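# Observations on the model geometry
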Amino acid sequence: MLSRLVFVSANALKGSGPLGAGLVQASRSLHTSSQNLAPVPPLPEKGGKVRHGIFPEELFQLLYPKTGVTGPYMLGTGLLIYMLSKEIYVINHETFAALSIGSVIVYGVKKFGPSVAAFADKLNEEKVAKAQEVKDAALASLTQAVEQEKKEQWRAEGRTLLFDAKKNNVAMLLETNYRERLHMVTNEVKRRLDYQIALQDLHRRMEQEHMINWVEKSVIGSITPQQEKESIAKCISDLKVLAKSTKATV
Amino acid sequence: MADRPVPIVEKRLLDVKLGELVTWIGGRDATPNGIFAALRRGHDRYYNKYINVKKGGIGGIAMLLVGYVAISYLWEYDHIKHDRWRKYH
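Residues numbered from 1 in each chain as written. Chains lettered and ligands numbered in written order. Predicted model: local features only at pLDDT ≥ 70, side-chain atom pairs only at ≥ 80, totals over all residues. Heavy atoms only, no water.

Helix and strand content of chain A: 6 helices and 2 strands. Listed N to C, the secondary structure of chain A is α-α-β-β-α-α-α-α in terms of helices and strands. Taking all 250 residues of chain A together, the buried fraction comes to 9%. Across chain A, the fraction of contacts at a sequence separation of at least 24, relative to all contacts at a separation of at least 6, is 41%. With the model as given, the accessible surface of chain A reaches about 21,600 Å², and the carbon-plus-sulfur share is 67%. (Helix = DSSP H or I, 4+ residues; strand = E, 2+ residues; numbered from the N terminus. Buried < 20%, exposed > 50% of the residue type's maximum accessible area, 1.4 Å probe, protein only. Contact = heavy atoms within 4.5 Å. Areas by Shrake-Rupley, 256 points an atom, 1.4 Å probe, with all protein chains shown as cover.)

What follows concerns the UniProt feature "transmembrane region" (unreviewed entry) in chain B. Residues given the UniProt feature "transmembrane region" (unreviewed entry) here are residues 56-75 of chain B. This span, residues 56-75 of chain B, is 85% helix and 0% strand, and a straight line between its end C-alpha atoms measures 30 Å. (UniProt positions renumbered as here; feature names shortened; annotations may be inferred.)

We now examine the confidence of the model for chain A. The predicted model of chain A averages 85 in pLDDT, with 85% of residues at 70 or higher. Low pLDDT, under 50, characterises residues 12-27 of chain A; the stretch is placed with 9 contacts to residues that sit more than four places away or in other chains. (pLDDT = per-residue confidence, 0-100.)

The subject of this paragraph is the environment of His89(B). Position of His89(B) among the secondary structure elements: in the segment after helix 4 (77-80). Owing to a relative accessible area of 41%, His89(B) belongs among the partly exposed residues under this scheme. Within the structure, the side chain of His89(B) is placed 2.8 Å from the side chain of Glu87(A), a separation counted as a polar contact. A polar contact of 3.2 Å, which involves the side chain of His89(B), links it to the side chain of Arg84(B). (Polar contact = N/O pair within 3.5 Å; in protein donor to acceptor, adjacent residues only side chain to side chain.)

Under the counting rule described, the total for this entry stands at 12 salt bridges over all chains. Two residues, Arg179(A) and Glu175(A), come together in a salt bridge whose shortest N-O distance is 3.2 Å. Taken together, the residues span about one helical turn, with Arg179(A) and Glu175(A) both in helix 5 (residues 93-222) at a distance of 4 residues. Glu175(A) gets classed as partly exposed once you look at its relative accessible area, which sits at 39%. For Asp78(B), the salt bridge goes to Lys81(B), with nearest N and O atoms at 3.9 Å. Accessibility expressed as a relative area gives 54% for Asp78(B), which makes it exposed. For Lys81(B), a relative accessible area of 34% corresponds to the partly exposed category. Residues joined in a network through salt bridges with shared partners are Glu188(A), Arg191(A) and Arg192(A). (Salt bridge = Lys/Arg side-chain N within 4 Å of Asp/Glu carboxyl O.)

Before going further, it helps to spend a moment on the interface of chain B and chain A. Across the contact, 26 residues belong to chain B and 35 residues belong to chain A. Taken together, both faces of the contact between chain B and chain A bury some 2,900 Å²; the carbon and sulfur share is 57%. Among the residues of chain B in contact with chain A, Lys54(B), Lys55(B) and Ile58(B) are the three that bury the most area, contributing 21% of the side total. Where chain B touches chain A, the interface holds 3 salt bridges. Connecting chain B to chain A are 14 residue pairs in polar contact (both at pLDDT 80 or more). Only helix 2 (32-51), helix 3 (59-75) and helix 4 of chain B provide two or more residues apiece to the side of chain B that touches chain A. (Buried area = accessible area lost by both parts, 1.4 Å probe.)

With that settled, consider helix 3 of chain B. Spanning 17 residues, helix 3 of chain B covers 24 Å between terminal C-alpha atoms, matching the ideal 24 Å at 1.5 Å per step. For helix 3 of chain B, the set of buried residues is Gly59(B), Gly60(B), Ile61(B), Ala62(B) and Met63(B). (Expected span 1.5 Å × (residues − 1).)

Turning our eyes to something else, we now look at the packing of helix 2 of chain B against helix 3 of chain B. Residue and element names in this part refer to chain B. Interhelical geometry of helix 2 versus helix 3 gives an angle of 135° and a closest axis separation of 8 Å. Here helix 3 runs oblique to helix 2, going by the angle between their axes. Contact with helix 2, carried on its side by Tyr 46, Tyr 50 and Ile 51, involves Gly 59, Gly 60, Met 63 and Leu 64 of helix 3 and no other residues of that element. Among the residues forming the contact of helix 2 with helix 3, the class breakdown is 5 nonpolar, 2 polar and no charged. (Axes fitted to C-alpha atoms, helices over the stretch in contact; angles between N-to-C directions. Parallel < 35°, antiparallel > 145°, perpendicular 65-115°, else oblique. Nonpolar A, V, L, I, M, F, W, Y, C, P; charged D, E, K, R; others polar.)

Here Glu57(A) shows up in helix 3 (residues 57-67). Sequence-distant contacts of Glu57(A), defined by excluding residues within four places in its chain, comprise Lys49(A), Val50(A) and Arg51(A).

It is worth spelling out helix 2 of chain B at this point. For helix 2 of chain B, spanning 20 residues, the distance from its first C-alpha to its last is 27 Å, which sits close to the expected 28 Å at 1.5 Å a residue. Looking at helix 2 of chain B, one finds that the buried residues are Gly34(B), Asp44(B), Tyr47(B), Tyr50(B) and Ile51(B).

Glancing now at a nonpolar patch on the surface. A cluster of nonpolar residues, Leu80(A), Leu84(A), Ile91(A), Phe96(A), Leu99(A) and Trp85(B), forms a patch on the protein surface that exposes about 670 Å² of accessible area. In this structure Leu99(A) comes out as exposed when scored by relative accessible area, which is 57%. (Patch = residues over 30% accessible without salt bridge, like charges linked within 9 Å, V, L, I, M, F, W, Y side chains within 5 Å.)

This paragraph deals with unusual backbone geometry. Residue and element names in this part refer to chain A. The backbone of His 52 shows a phi angle near 55°, a positive value even though the residue is not glycine. Secondary-structure assignment places His 52 in the loop between strand 1 (50-51) and strand 2 (55-56). You will see that Glu 87, though not glycine, has its phi angle at about 55°, which is positive. Of note, Glu 87 is situated in the loop between helix 4 (71-85) and helix 5.

This part is about the side chain of Glu87(A). Notably, Glu87(A) is buried but unbridged: the nearest opposite-charge side chain belongs to Arg84(B), and the N-O separation is 5.1 Å. For Glu87(A), the contacting residues outside a window of four places in its chain are Tyr77(B), Arg84(B), Trp85(B), Arg86(B) and His89(B). (Lys, Arg positive; Asp, Glu negative; His and termini not counted.)

Encoded structure:
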């Protein structure tokens, strides 16, 4: 559990300083296997097993087939007794110091181990959560960017339709303009032709009237006063005859 | 699982047969670079097994400390010899 704190601080060390960078790079360059794992594999959950805090489990497994479960303990006891009896390990003042310090350490680890472990775990969790947040945010923004890009592409596709519509508009404008001008031209031509017609009509009418007036004038001029008297007398006699004929019928 | 035959020098120590031991020792890289590389390998093995894990235990550092204590006792043995209780064992 202390190793967890070491791990946390080692990580902090790794990230900072040239020594840390050197350590990381050196370990990277030793990947001599052909598999280079690009997404870094996650850390193993638990470390190698250790019994009583100082003896690796491999020792017990090594001796198990030949001596069973108590083998390593017997080995330990035997070694201890041998070293004490031959005074390879000498009991002096340092022994008592070691015993006291050892007992305090063991007591401390047993009592405060789990809580310190939980604390270190919490620290790690927070770090991982922060990194995960950053990763998630980056992913979300990137997917959004991809979607927008796709939408822009779709929009760009629609631009051909827009072009066609505009082309149609322009064609229609041109057409309308052409037709307007055509109308204007026909109107103007018609007006001029109408004017010519009216002019000719006027000419003819004036000639007619002039001729009629001249004929009338010449006829009236040619009627002498004597002819006038004779025609009036004839008219009166005709009227008398008529009056007689009508009186007879009534 | 017969892979291609590996040269003796590159085998790990536990895979070397007894007769090949001398060749193995002779062929190991003893230049300073080689020694550093060997130390680096050993450090990486220990580190990745006991310390670089999600839920490490006390064993990781405790073993290092016990090793330190043992080596320092060994180096001081000539001095500690004089504290012996008995002259003849």
